[in-house]
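Reading the structure
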Amino acid sequence: MGPPGAGKGTQAQVVADRFEIPAISTGDIFRSNVSLGTELGVEAKRYMDAGEYVPDSVTNLMVRHRIDEPDAEKGFLLDGYPRTLAQVDELDGMIKHTGHRLDAVVVLTVDPDELVRRLTARAQSEGRSDDTEDVIRRRQEVYTEQTEPLIEVYRDRGILIEIDGMGDMAEVSQRIFDALGSGG
Ligand code: ADP
């Protein structure tokens, strides 16, 4: 977890590689559907371009199917899911059915100024259609309103790991590995 620009996608890939499990990024799945022009992509794009969350019903079903794929049998890392309280419940139900359990929830914390700086830089290099100033602001708001409350839920369950997301990518990865007890 972490606000837009916290480095979730980057770190998710590094951690998943270390644990030899797939990194499942809902944002990436939506974006690939958008480029393929699928029905899901057309639906998702409307929300993404406005900085809003795609409706839970759409997102939940997509994740449910993805974690049923054979490569996720031995475990998986979710990047960008759950993002709402309803998605938390849904995920609990899904993993009860697959026999998995949630080992840890990693939240990356980054100063607000640094978030804006990173997203502006990404807008120039990658040209993501949701990295414009207004949309960036809206995504931050939506995160605060809908996703930040999840931090308390996972803290209460005793599985929350808070990581300082400032500094270079390798340093942040090392902090995550140390916290997850996977050495260096
Ligand atoms: P970021 O966190 O940097 O905004 P993501 O790539 O994780 O970027 O997500 C991009 C967009 O995809 C979100 O703004 C939202 O519209 C949609 N999305 C991703 N994950 C979810 C989710 N779990 N629930 C609803 N919408 C989602």
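The structure under discussion appears in the preceding block.
1. Quick notes on the nonpolar core
Generally speaking, soluble globular proteins have nonpolar side chains that are buried together. One finds M1, I67, F76, L78, L91 and Y154 to be the most contacted residues of the largest nonpolar core, which totals 22 residues. Counting residues per element, the ones that place at least two in this core are α4 (56-67), α5 (85-98), β3 (105-109), α7 (133-147) and α8 (149-156). The element contributing the most residues to this core is α5, with 4 residues. If near-sequence neighbours (up to four positions away) are discounted, M1 is found in contact with K8, V105, V106, V107, L108, Y143, T147, L150, I151 and Y154. Formed by 14 residues, the second largest nonpolar core is a distinct cluster that contains A12, I21, L77 and V172.

2. Regarding the site of the ligand
Of all residues adjacent to the ligand, which total 19 residues, the nearest are K8, T26, E52, G80 and R83. Within the contact set of the ligand, an oxygen atom lies 2.9 Å away from a side-chain nitrogen or oxygen of R31. Here Q87 contributes a side-chain N or O atom positioned 2.9 Å from a nitrogen atom of the ligand. With 4 residues, helix α2 (residues 26-36) is the single largest residue contributor to the shell around the ligand. Its residues placed into classes, the shell around the ligand shows 6 nonpolar, 5 polar and 8 charged.

3. Comments concerning α8
All buried positions along α8 are accounted for by L150, I151 and Y154. All buried residues of α8 project into a common sector of 105 degrees when viewed along the axis, lining one side. Check the buried side of α8 and you find it contacts α5, β3, α7 and β4 (160-164). Positive phi appears at G158, one or two residues downstream of α8, with a value of about 80 degrees.

The rules behind these values
- Residue numbers run consecutively from 1 along every chain, following the written order of its sequence.
- Reporting of local features is limited, given that this is a predicted model, to residues whose pLDDT is at least 70; pairs of side-chain atoms are given and counted only at 80 or more, and all residues count toward the totals for whole chains, interfaces and linings.
- Side-chain figures throughout are based on the complete set of non-hydrogen atoms in the structure, without hydrogens or water.
- We call a set of buried Ala, Val, Leu, Ile, Met, Phe, Trp, Tyr and Cys residues a nonpolar core when their side-chain atoms join them within 4.5 Å.
- Note on exposure labels: buried denotes an accessible area under 20% of the residue type's maximum, exposed denotes more than 50%, and partly exposed covers the range between, all computed with a 1.4 Å probe on protein chains only.
- In DSSP terms, a helix is any run of H or I states spanning at least four residues, a strand is any run of E spanning at least two, and both are numbered starting from the N terminus.
- Only heavy atoms enter the contact rule, under which two residues are in contact if any of them lie within 4.5 Å.
- For this purpose, a residue is taken to be near a molecule or strand whenever a single non-hydrogen atom of the residue falls within 4 Å of it.
- Here a polar contact is recorded for every N or O atom pair within 3.5 Å, except that within protein the pair must consist of a potential hydrogen donor and a potential acceptor, and residues adjacent in sequence are included only if both atoms are side-chain atoms.
- All residues other than Ala, Val, Leu, Ile, Met, Phe, Trp, Tyr, Cys, Pro, Asp, Glu, Lys and Arg, Gly among them, are scored as polar; the first ten of these are nonpolar and the last four charged.
- It is the directions from the helix axis to the C-beta atoms whose arc is reported.

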